[in-house]
Amino acid sequence: VMESEKILEDGSVEEVTELVSGRKRLEAIRTILDAEREVLFPNGIPCIEFRGSVEDAVLVNAAENLQRSNPTESDICAWIKARVDDGYTQKEVATFINKSEDYVSQRMCIMSFGSDFLSQCLDSGDIKFSSAFRLAQVFKDDHSAQDTFLKEELKRHGNISLKSVRSVVRNK
């Protein structure tokens, strides 16, 4: 939980309590224990006070959601890019989500150089991450060529293999 102040239109200040993370857990507790909450939690549902900026709270909340849900690979890539665009370094993001800097860097590459169609293929399982990453590197300046290759491979083989990506890399 984070306490902050909100300045209203009339210039007055309002105290605001924001739930930084654990929103789904809190909703579940409320739903399951509605009738028994006062018996089981007479002093309220326990929580830890968060100390940090609003930006840090957004990072904590989003990182928790990435770990608890089943995000698509392109969702992860987009989340990482958004945090870097917010001013966090790739190293800070990697540390925060407990991943390597290479993990973060590769997903930044997909978001920066991959086409929307490449992201769709990645999410649908038509291409593995390592192949998508390599393809984004090779065709980083040409989404049209990237999409043409993907569509041709899907038409021919039904998916995009690392072998086919390696052959286009050698020929480029």
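Treat the numbers as computed from the prediction; the structure is a model and nothing was measured.

Those residues of helix 10 (residues 162–171) that sit buried are S164, V165 and V168. Down the axis of helix 10, the buried set is contained in an arc of 100°. They therefore lie on one face. Turned more than 90 degrees away from the buried face of helix 10, the exposed residues are K163 and R170. Residues of helix 10 that are buried make contact with helix 8 (129–138) and helix 9 (143–157).

Attention now moves to the packing of aromatic side chains. Considering all chains together, one arrives at two aromatic pairs under this definition. Arranged with centres 6.5 Å apart and planes meeting at 5°, the rings of F129 and F133 form a pair that is stacked. Residue F129 and its partner F133 are both found in helix 8; the two are separated by four residues, about one turn of the helix. In this pair, the class of F129 matches that of F133, namely buried.

Once that is clear, we can look at the side chain of R107. With respect to the secondary-structure elements, R107 resides in helix 6 (residues 101–113). A polar atom in the side chain of R107 sits 3.1 Å from the backbone oxygen of Y103.

Should the pLDDT be low somewhere, the predicted coordinates at that spot are not to be read in detail. Chain-level statistics for the protein give a pLDDT mean of 81 and a share of 76% at 70 or above. Of all helices and strands in the protein, the one with the weakest mean pLDDT is strand 1 (residues 2–7) (63), whereas helix 6 scores best (95).

For D147, the location among the structural elements is in helix 9. One buried charge, D147, has no salt-bridge partner; the nearest side chain with opposite charge is K151, at 5.2 Å. Dropping the residues within four chain positions of it, D147 is found in contact with S115, F117 and L118.

A separate point is unusual backbone geometry. A positive phi is found at N98, a non-glycine position, where the angle reads about 60°. Tracing the backbone shows N98 in the loop between helix 5 (90–96) and helix 6. The class of N98 is exposed, set by a relative accessible area of 69%.

Let us look at the nonpolar core. Counting 20 residues, the largest nonpolar core has I110, L118, I127, L135, F149, L150 and I160 as its most contacted members. Mapped onto this core, the elements with two or more residues apiece are helix 6, helix 7 (116–124), helix 8, helix 9 and helix 10. Residue contributions to this core peak at six residues, all from helix 8. Apart from the residues lying within four places of it in its own chain, the contact partners of I127 are L118, C121, L122, A132, L135, L150 and I160. A63, I76, W79 and M108 belong to the second largest nonpolar core, which has 13 residues in total.

Conventions used here
What you see as residue numbers is a count from 1 along each chain, following the sequence as written. Only residues with pLDDT of at least 70 are given local features in this predicted model, and only at 80 or more are side-chain atom pairs given and counted; all residues enter the totals for whole chains, interfaces and linings. Side-chain measures were taken over the full set of non-hydrogen atoms in the model, leaving aside hydrogen atoms and water. The cut-offs for exposure are 20% and 50% of the maximum accessible area for each residue type, with area from a 1.4 Å probe on protein chains only; residues under the lower value are buried, those over the upper are exposed, and the others partly exposed. The secondary structure listing takes helices from DSSP runs of H or I that are at least 4 residues long and strands from runs of E that are at least 2 residues long, numbered from the N terminus. As used here, the arc is the angular range of directions from the helix axis to the C-beta atoms. Two residues form a contact once any of their heavy atoms are found within 4.5 Å. Aromatic pairs are defined between Phe, Tyr and Trp rings, using the six-membered ring for Trp, whenever the two ring centres lie within 6.5 Å; interplanar angles under 30 degrees are classed as stacked, those over 60 as edge-to-face, and all others as tilted. Within 3.5 Å is the distance limit for a polar contact, defined as a pair of N or O atoms, with the added protein rule that one can donate a hydrogen and the other accept it, and that residues adjacent in sequence qualify only through two side-chain atoms. pLDDT measures the predictor's confidence residue by residue and takes values from 0 up to 100. For the purpose of charge, His is not counted, nor are the chain termini; Lys and Arg are scored as positive and Asp and Glu as negative. When a carboxyl oxygen of Asp or Glu is within 4 Å of a side-chain nitrogen of Lys or Arg, the pair counts as a salt bridge. What is meant by a nonpolar core is a set of buried Ala, Val, Leu, Ile, Met, Phe, Trp, Tyr and Cys residues, joined one to another through side-chain atoms within 4.5 Å.

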